[in-house]
Every structure is written in structure tokens, then in C-alpha cells.
Amino acid sequence: MNHQGWPPDLGGGQDGQYGAAMGKTEDGQTAVFVRIAVQNSIGWIEFNRPPVNAFEWTLIKEGGRDYIPFTDVARFYNFTRADFSNERVSLSGATLRIQGGSNSRELYMNGLKFILNFPVIQQGSMLYISRMDLAKLVEPVLRPAKIQTAPVRTVVLDAGHGGFDQGARSALGNEKDFALDVILRARELFARAGFTVRLTRSADIFIPLETRAMFASHQSNALFVSVHFNFGARPDAEGIETYCLAPRGVPSTNDPILTLADFQPGLGNVRDPENIALATAMHASLITRLGVPDRGIKRARFVVLKNDANPAVLIEGGFLTNPRDAARIAAPAYRQMMAQAIFQGVLAYNRAVERSSPGASSEVAEKDHAPAGTGDSVWDPLKSNVYSLPQELHR
Ligand SMILES: [Zn+2]
């Protein structure tokens, strides 16, 4: 697997071609509104494509849900190749690869596994991605610099469980103790680098989830990292998964039946773009540095994610029910590597979003300025439509 240059940054000409702006929907949710227009930049010539005035998206409906053909994704993000064969799609460009399959929720971006909110569908020989996944996953991951946010200087580190709540167990120890040890090691690294560090717990005590989330929400210019270890019904379940909050209107990854509760907005949903960008940076850092099986970036509505006003991720750092994971996790040197990976993950996130912040260089600011001639009349799949109920919930 090659994770070089992750999280992906479509730098150079590619990044400046589409003017993007963040907006708030009526109920305060942050959404990406892309003014669709193309400027005659160097990137355009480089990619040797004819200039157009507006990007026309193709939309199909399936089960009441909107889907976009991967050929449109390829054109919009300037991939140079799109291959469709054996019910699979592969897009490739100068620095990026995307791979997916018909009826699958697994999407690989530069070799890193993401679990889609809805499976890829096929009609004829063409494969389609849901509009929700395009807006809430692909867009913020491919263009983190478009997220209107600033790098953080404060981290809230959360060791899962504690006190009577031991979490998962192996013959070599308890989840609560391993998680706290990783967090204390990470605290050292962040503090040494000049970050302000807040811990939800620094000892073996029980703290309710709601209290942890409220504590985290009160920190400004901060992000939240929770560390847990996993329990599997099958002993062969192995590897790391990283969770961030499910967007409004999609099911949790591990509970794929959509319910009305999935339409309740969480405090953390205002951070949808940051959440997936942070999860990407964090998961890539963990998988590449620790060399363990990649179980993917997933969605959940855990209390500490849902009730946190700051960007937040929860790491399931391996299975205490798996012999290989359990032995790794019990080794202090491995937990130190995990703390390092968490630290590097936050640095990678900060770098990825830096270009959108007020302190970014004037060259970048000028380049990101929306070009003249917007295509307001053009239908825009990046404008999320999470508030319409899908067919199966209409009764
Ligand atoms: Zn746990």
C-alpha cells in the first residue's frame, strides 16, 4: 500500500479551478457550496482539456437517493484516467487513486480504506456514488484546504472507559489501562510541541460520556481524540478502525438500517468536513506507522462524537480478542508508536486545513478566490440534501 502524500492535497493548478465557499443551511449546519466555474489556469492547460463555463453534473435517482456517475467525479477532480471493468471503478491522476466496486461500501483513496455511507451502485457498465458520499466524504477528503477552518493548538485527549468500567480485556490487560497509557504518552508529545493539552481523565476513574463531550466542547480552537481498544466476536478480527460522526441522514456503519433517529442533528454535525478530514489524517498515520490491518474509516454516533462541538475522532486501536493485536498492544514500545502516530496525525490534519485559514499566504488566498461567472443555475451535488427523507422512511 502506498500512502505517500496523504491526506491528499490537489495542489498546483488543480486546486484553484473551482471556487468554493462554505455556507450555513437554515438550521445552522455547515455545508459546502461550490460555485461552479472554471478559470483558465495553468492546471487547465496541463490537463489538456477544453475550457468550459460550467460543470454539468449528471444525476440519477435510485431508491429515492441521488447518485453521481464516477465519470463526473473524474472530470470534476481532474483525474486523468477512469477505468471500468469487472464491476469495479478505478480513477487515477497525478497524485491520487480512487477504487471502488459495484454494491460495495468500501472505497479506497490512495490505498486507504473508507467505508461509504451507501454502497456504490451500477447501471449498465457505469458505476455511481451516492451524492451524500460525494459531498460528505470525497469532497472534504480530496480538498481539505477548502474547509473553512483553522489549524488547532489545543488537543483534548480521551482515554476510553476507566474505574469500574474496564472495557475490553485480554489475558495481558484491560482496555481502560492501555488507553490511558497511550493518552499519557501522547500528552508528552503534544506538550513538547507547544500544544495545549487537556485530558478527560488522567487516572483510573469513571467519567460519564456526556461529561467528556461537554468538557471537550468547552475548549476553543481544539480537537478531540478518543482512544479505545476493540472486542470482537470472532478472534480473527484484527486491525485498526477510526470513527468519526455520521452525517445527518446516514446510518452508522455498524448498524446499517436507517432510522428516523439518524435524522436528528448532533452538535458535532457542524463539523462534518473537519471530522472526516481529521479521521483521514489520523487513520492514515496509524495504518502507515503501525503496519496493522486497515479496517477502514467508519461512521458512528457515539456520544463523545455526537455531542462534541469540535472536530472529533475515536480510534479503535486493535482487538484485545485477537492474539496478534493483544500482544502488540501489551508492549509499551508499540503504545509509544501509537502515541507518535496520533501526534503525527494531528500535525497532518493541521497542514491539510492550513491553507483555508486567515493566516494562509496571499498567493493561496488569491488563487482560491472564486472566479468570475458562477454557474448558479447548474445543479450542484456538493450542496448536501441530507434533510429529505429517503423513500423507505415515508409511510
Ligand atoms: Zn472501548
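Residues numbered from 1 in each chain as written. Predicted model: local features only at pLDDT ≥ 70, side-chain atom pairs only at ≥ 80, totals over all residues. Heavy atoms only, no water.

### Some remarks on the overall build of the protein chain
Selection criterion: Helix and strand definitions here come from DSSP, where helices need a minimum of 4 consecutive H or I residues and strands a minimum of 2 consecutive E residues; each element is numbered from the N-terminal end. Exposure classes here rest on a 1.4 Å probe applied to the protein chains alone. A residue is buried below 20% of its type maximum, exposed above 50%, and partly exposed in between. Should any heavy atoms of two residues lie within 4.5 Å, those residues are considered in contact. Where accessible areas are quoted, they stem from the Shrake-Rupley method and a 1.4 Å probe; at the residue level, only the protein chains shown are allowed to cover.
A tally of helices and strands in the protein chain yields 10 helices and 19 strands. Within the protein chain, buried positions represent 57% of all 395 residues. Sequence-distant contacts, at least 24 apart, represent 72% of the contacts inside the protein chain between residues at least 6 apart. Accessible area for the protein chain stands at about 16,400 Å²; split by element, carbon and sulfur atoms hold 52% of it.

### Brief notes about the pattern of salt bridges
The line we're drawing: Throughout this description, the term salt bridge denotes a Lys or Arg side-chain nitrogen within 4 Å of a carboxyl oxygen of Asp or Glu.
Here the structure, examined in full by the defined rule, presents 19 salt bridges. In this structure, Asp-83 and Arg-81 form a salt bridge, with 2.9 Å as the shortest nitrogen-oxygen distance. Overall, the relative accessible area of 28% leaves Asp-83 in the partly exposed class. Between Asp-204 and Lys-176 there is a salt bridge, and its shortest N-O distance comes to 3.0 Å.

### Considering the coordination of the zinc ion
Our working definition: Only nitrogen, oxygen and sulfur atoms count as donors, using a 2.8 Å cut-off from the metal that widens to 3.2 Å for Na, K and Ca. Water is left out, so coordination shells may look unfilled.
Binding of the zinc ion to the protein goes through His-161 (NE2), Glu-175 (OE) and His-228 (ND1), at separations of 2.0 to 2.2 Å. Summarised as a motif, the one-chain spacing of the donors to the zinc ion is H-x13-E-x52-H. With Glu-175 in helix α4 (residues 175–192) and His-228 in strand β16 (residues 222–230), the pair connects residues that are 53 residues apart, well separated along the chain. There is no split in this pair, since Glu-175 and His-228 are both buried.

### Things to note about the confidence of the model for the protein chain
The cut-off we apply is this: Confidence of the predictor in every single residue is expressed as pLDDT, which spans 0 to 100.
When pLDDT is averaged along the protein chain, the result is 81; 76% of the residues meet or exceed 70. Predicted confidence for residues 1–51 stays below pLDDT 50, and this span has 141 contacts to residues more than four positions away or in other chains.

### Here's the deal with the pairing of strand β19 (residues 312–319)
This is how it is decided: Pairing between two strands requires that DSSP report at least two bridges joining them.
Of all 8 residues that make up β19, 8 are buried, and the element is covered over most of its length. Relative to β19, β16 runs parallel, the two sharing 6 bridges. Note that in β19 the partner of Ser-226 across the bridge is Leu-314. Relative to β19, strand β17 (residues 240–245) runs antiparallel, the two being bridged by 3 bridges. Bridge pairing in β19 places Tyr-243 opposite Leu-314.

### Remarks on α4
Rules: To estimate the expected span of a helix, count its residues, drop one, and scale the result by 1.5 Å.
With 18 residues, α4 ought to run about 26 Å at 1.5 Å a step, and its terminal C-alpha atoms sit 26 Å apart, in line with that. For α4, the full list of buried residues reads Glu-175, Lys-176, Phe-178, Ala-179, Leu-180, Val-182, Ile-183, Ala-186, Leu-189 and Phe-190. On its buried face, α4 is in contact with β12 (154–159), β14 (173–174), β15 (196–199), β16, α8 (323–329) and α9 (332–354). Among the residues trailing α4, Gly-194 stands out with phi positive, at a value near 90°.

### Things to note about the nonpolar core
Note the following rule: Residues belong to one nonpolar core when they are buried, are Ala, Val, Leu, Ile, Met, Phe, Trp, Tyr or Cys, and are joined through side-chain atoms within 4.5 Å.
One finds Phe-190 and Ile-342 to be the most contacted residues of the largest nonpolar core, which totals 75 residues. Excluding anything up to four places from it in sequence, Ile-342 contacts Val-182, Phe-190, Val-225, Val-227, Met-282, Leu-286 and Ile-315. If you look at the next biggest cluster of nonpolar residues, it comprises 10 residues, including Ala-216, Phe-224, Tyr-243 and Leu-314.

### Quick word on the sheet that holds strand β3 (residues 60–62)
The condition that has to hold: Lines fitted to the C-alpha atoms define the axes, with helices restricted to the stretch that makes contact. Angles between their N-to-C directions range from 0 to 180 degrees.
Pairing is antiparallel in the open sheet, where 4 strands are placed in the order β3-β4-β11-β10. Edge strands, defined here as strands with exactly one partner in the open sheet, are β3 and β10 (121–123). When the angles between neighbouring strand axes are averaged without regard to direction, this sheet yields 45°. As paired elements, β3 and strand β4 (residues 65–69) share 3 bridges and run antiparallel to each other. Across the sheet, the residue bridging to Glu-62 is Arg-65, located in β4.

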